[in-house]
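Residue-level structure breakdown
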Amino acid sequence: MLTQLAIFLATLTLVMLFGYHIIIYLNARKHVSRLTSISKPSYNISNSLKCGLGLSIIVPTKGEPIELLVSATKAKAEALKASTLPKGEVLIISDDEEDYVKRLTHELEGYINEGLVRVVRRERPYGGRTGALDHGAKIAAHDYIMILDSDSKINEKSLSLLHSKICGSNSDVVVLPWTGYSLKSTRLAEALIFNTDTASFLLYKLRWAGGFFIFPLGSGTAIKKTVLRDVGYWGPNVIQDDIWLGTKLAAKGYKPDILPEGSVDVLVPSKIKSFRIQQSRWAYGASEILSRTLRKVMRSPFSLGVRLEMLLYMLQPSFSIPFTLAEILALVAAFMEPGWGILKALHSLSILISLGLAESIILTYAALHINIGKIVKSAHHKFTLVQVGRASAVYGVLFPILGVYSLLGLLRIKLSYRITPKAESEENLGKDLTPYVMAGISSAGVIASLLNGNVVTLLLMLIPLISNIYAIFRLK
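Below, the structure is looked at part by part. (Residues numbered from 1 in each chain as written. Predicted model: local features only at pLDDT ≥ 70, side-chain atom pairs only at ≥ 80, totals over all residues. Heavy atoms only, no water.)

What follows is about the packing of helix H10 (residues 241–251) against helix H11 (residues 272–298). At a minimum axis separation of 10 Å, H10 and H11 run at an interaxial angle of 5 degrees. Here H11 runs roughly parallel to H10, going by the angle between their axes. Here H10 contributes Ile243, Trp244, Thr247, Lys248 and Ala251 to the contact with H11, which in turn contributes Ala286, Ile289, Arg292, Thr293, Lys296 and Val297. (Axes fitted to C-alpha atoms, helices over the stretch in contact; angles between N-to-C directions. Helix = DSSP H or I, 4+ residues; strand = E, 2+ residues; numbered from the N terminus. Parallel < 35°, antiparallel > 145°, perpendicular 65-115°, else oblique. Contact = heavy atoms within 4.5 Å.)

And the structure:
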């Protein structure tokens, strides 16, 4: 019984996660006219020159490497200066110590004197990151605000296209898709850049083409100040501020647009430990918000299909829960349910259906990703499969952890916000023991499966074991 339940839950994870992405892809292809417009701007930059709308780029920061913050802020200011925006500022809301802010102000003195940068220190940093966002939105000088992380970058073309869009269509909320970049070249960073670019295409451009609700991004969302005031800003101590803002917009009937040919460069982790911190926060935050806003989402003034898809989007981190349960059950079954040899497994209809369904959906997803790799990265299928394989390996390591954090979020157990280490903070991280611990647990399951003749649990235990061994030796 445990063996069959474990293989069912593992297959369910694949069906929910990969199946959801396949549905997005197929649904977008039904809307060919909108899909082809992704690379064809429908607005004219020259027309925006007569438009006086301005933009305040808000950068909430605490404990960030100051060299990285200074470099990225200068890049933002230069992009503003070179764009068609007639008015713009980079507004840094810092919750750091006074000495840090003094040094930051000194490093950015030239841009501050030009009126391109403002640095504001909150002496009483109430509400964490979202408290800083609320403070920045209330003192921003211009009609629209854009949220960017301290390490994010945006070019003048994207800002000019954004200016044209908000002037031409008067969009309330505009989301710019992500492209990844790294400060250090590692196999993990390379895989995460590829995954960031292709996932942004799938989960933003293709969802937009299919008519779904576009959730704001925590870095790269421009929103009209009056709209933000109408939804009551963010509020204090929200861990996953982008999903939270999306539910508030949906409840009021605002449907964000995207700037498909624009982009924001976001920094990806280059070590498993920093990626684990980032993904654990995302899994907890998104799940916690889902548990609080389920009714609000279902009562939003959109079609039933759009509302249901919103829930699937928010449920993505929770898809790791059945996988975590599958691994736990497989480990127990490896010790307690002997005799599941090849012949017995082949005579079990439930196991045959599960294995056949898992194989079919994996092959379909691989084909889908090869096509997206060609579209987004002009990548050869071999390169795409290598990057997908690397990403799958690291998620094989992290999925049980994400399952735990997702469950904690659904139960609304209080956790504190943890910043993803970057630059020298990431360099100073010690070795992550997670792959070693997970490899040890999986090895025990593999050995027990072999001794007790359970080929089903052997398969389920081999998957995380291979992922963790690969992570230890190839994703250091």
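Next up on the list: a positive patch on the surface. Where like charges cluster on the molecular surface, the positive patch consists of Arg187, Lys431, Arg474 and Lys476. Mapped onto the fold, Lys431 is located in the loop between helix H17 (423–427) and helix H18 (434–452). (Patch = residues over 30% accessible without salt bridge, like charges linked within 9 Å, V, L, I, M, F, W, Y side chains within 5 Å. Areas by Shrake-Rupley, 256 points an atom, 1.4 Å probe, with all protein chains shown as cover. Salt bridge = Lys/Arg side-chain N within 4 Å of Asp/Glu carboxyl O. Lys, Arg positive; Asp, Glu negative; His and termini not counted. Charge placed at Lys NZ, Arg CZ, Asp CG, Glu CD.)

This paragraph deals with unusual backbone geometry. Backbone geometry places Ser378, a non-glycine residue, at a positive phi of 50 degrees. As for its position among the elements, Ser378 is in the loop between helix H15 (349–377) and helix H16 (381–410). Under the relative-accessibility criterion, Ser378 is labelled exposed at 66%. (Buried < 20%, exposed > 50% of the residue type's maximum accessible area, 1.4 Å probe, protein only.)

Secondary-structure assignment places Gly180 in strand E6 (residues 178–181). A residue is classified by how much of its surface remains accessible, and Gly180, at 16% relative accessible area, is buried. As for Gly180 and Glu190, which are separated by 10 residues in sequence, their C-alpha atoms are 9.1 Å apart. Discounting residues that sit within four places of it in the chain, Gly180 has contacts with Ile193, Thr196, Asp197, Val266 and Val268.

In this section: helix H4 (residues 98–107). Of all the residues in H4, the buried ones are Tyr100, Val101 and Leu104. Across the axial projection of H4, the buried residues extend over an arc of 95 degrees, all falling on one side. Residues of H4 that are exposed and point over 90 degrees away from its buried face: Asp99, Lys102 and His106. (Arc of directions from axis to C-beta.)

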